[in-house]
Amino acid sequence: MFPLISPLEARKDGSYFVVIVIGLLIIAVAIGIGILLAILSKKKAAKFNNPDRKTTKADIETVAKKMELNEIETGFLAYICKKHNVPNLLLTIKDNDKLMQIFKDEVENFVHYDEQMKAVYFNLRNKIEFFYNIEHTITSTRQIEKFTNVVFIYENDRYLSNIERIADDGIYLTMPLNIAGEELGAKLLTKVMMMFSSPKNYLGYKCSVRIIKHETLDDKKLIVIAHTNNLVVIHRRHSRRIPFDKEVHFRAVSATEDHLTGKKSFKILDTPHTGKFSDLSPTGCAIITQLAIKPKQYIYIEFDIAEDKKAKIIGLIINVEYNKYTEFYSLHIKFEKIDLKTSNLINEMYLD
């Protein structure tokens, strides 16, 4: 049992007061250390998030890991940061326009680049842009930008429209018209499929929307659709495509695969055909033709890409769309075999 001590005896025994004082000192020191650590942590965070601080090796390693850069691409990123004095890469990487301008400034050094180094430059730039786009994926129609072009799919026909206004009660669009100039005939409260591409990040989206009313504004016919959060990304290309309307010559390709190595061999067939590009990227393209070609077939395409360079590419037709009004087919092609110089020349088209 603990000995019973009267208050009078406790006052006479100074050891109790010493214990109390020591305890208070320990508490005060602990509080002081906590405050000091908080101040130091705040200063460290402020320094780390300072947009003007110098990019560090750790910053480059963090970005490289996030974007799955290889060793050569990581080294090139370090070179770009050092040469162009890129401040605080962790913050600069979030400003896509600023970073892309740095890459444009580097183009003047292309005279010293070989094709391999150009390829590294473009691969790094495309990866940075791709991951920026993914991080800025929109999830609601409230986030769509005004004047964005959209396509409505109704009864197997395409209707083109343009966003006039984003409001709390819905999205106001110009009356959708098909290629024949016919208005979208869907009744009110009907659900239709809407597709669009974000002007900022080039991602494609689709969603099912409901037409809630018709409006007339300044003699302009409009439809209003209800907002939705059910946006679905329909393509995440690693490189965006640009409009391209050159003539293209193409042929069918016979492909065989070695069952042991998995390596494909291609034989270009003799019969030539002519079509026209609608878009082009380093990884694929779309070709307009009157030929009814089925998907999942290999194709050889050839076109003039520069004065002294003829592009020769083998691709795989992954999708075919038919326009019943023009009676033309749109072949969506993924490149399977393309030489380094051609790929670099296509990439250079994005630098303008």
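Residues numbered from 1 in each chain as written. Predicted model: local features only at pLDDT ≥ 70, side-chain atom pairs only at ≥ 80, totals over all residues. Heavy atoms only, no water.

A. Fine view of the overall build of the protein. Helix and strand counts for the protein come out as 8 helices and 15 strands. A burial count over the protein gives 37% of its 352 residues as buried. Partitioning the contacts of the protein with sequence separation of at least 6, the portion at a separation of at least 24 is 60%. By element, 56% of the accessible surface of the protein is carried by carbon and sulfur atoms, the whole surface being about 22,000 Å². (Helix = DSSP H or I, 4+ residues; strand = E, 2+ residues; numbered from the N terminus. Buried < 20%, exposed > 50% of the residue type's maximum accessible area, 1.4 Å probe, protein only. Contact = heavy atoms within 4.5 Å. Areas by Shrake-Rupley, 256 points an atom, 1.4 Å probe, with all protein chains shown as cover.)

B. Looking closely at a nonpolar patch on the surface. On the surface, Ile20, Leu24, Ile27, Ile31 and Ile35 cluster together to form a nonpolar patch covering roughly 490 Å² of accessible area. Looking at the element boundaries, leucine 24 is found in helix H2 (residues 15-48). By relative accessible area, which is 54% here, leucine 24 ends up exposed. (Patch = residues over 30% accessible without salt bridge, like charges linked within 9 Å, V, L, I, M, F, W, Y side chains within 5 Å. Salt bridge = Lys/Arg side-chain N within 4 Å of Asp/Glu carboxyl O.)

C. Expanded view of the nonpolar core. Counting 24 residues, the largest nonpolar core has Leu77, Leu89, Tyr121 and Ile128 as its most contacted members. With 5 residues, helix H7 (residues 115-135) is the single largest residue contributor to this core. When neighbours within four sequence positions are excluded, leucine 77 is seen to be in contact with Ile60, Val63, Leu69, Leu89, Leu124 and Ile128. By size, the runner-up hydrophobic cluster in this structure holds 23 residues, among which are Val192, Leu203, Val209 and Ile211. (Core = buried A, V, L, I, M, F, W, Y, C linked by side-chain atoms within 4.5 Å.)

D. Spatial organisation of helix H6 (residues 96-106). Considered for burial, the residues of H6 that qualify are Asn96, Leu99, Met100, Ile102, Phe103 and Glu106. One side of H6 holds all its buried residues, which, seen down the axis, span an arc of 150°. Against helix H4 (71-83), helix H5 (89-92) and H7 lie the buried residues of H6. (Arc of directions from axis to C-beta.)

E. Structural context of the pairing of strand S9 (residues 247-257). Relative to strand S11 (residues 273-280), S9 is paired through 4 bridges, and the arrangement is antiparallel. Directly across from phenylalanine 250, in S11, lies its bridge partner histidine 273. Bridge count for S9 against strand S13 (residues 298-306) is 5 bridges, and the pairing is antiparallel. The residue bridging phenylalanine 250 from the neighbouring strand is isoleucine 301, located in S13. Pairing analysis gives 5 bridges linking S9 to strand S10 (residues 264-268), with the strands arranged antiparallel. Counterpart to alanine 255 in the pairing with S10 is phenylalanine 266. Hairpin connection, S9 to S10: the antiparallel pair is bridged by 6 residues, and glycine 262 has positive phi, about 80°. (Pairing = 2+ DSSP bridges.)

F. A look at the pattern of salt bridges. Summed over all chains, the structure comprises 14 salt bridges. Salt-bridge contacts for lysine 220 lead to glutamate 164; the nearest nitrogen and oxygen are separated by 3.5 Å. Of this pair, lysine 220 sits in strand S6 (residues 220-225) while glutamate 164 sits in strand S2 (residues 157-167); the two residues are 56 residues apart in sequence, bridging distant segments of the chain. Given a relative accessible area of 22%, glutamate 164 falls into the partly exposed group. If you follow the salt bridges from partner to partner, you end up with Asp169, Lys213 and Glu215 in one network.

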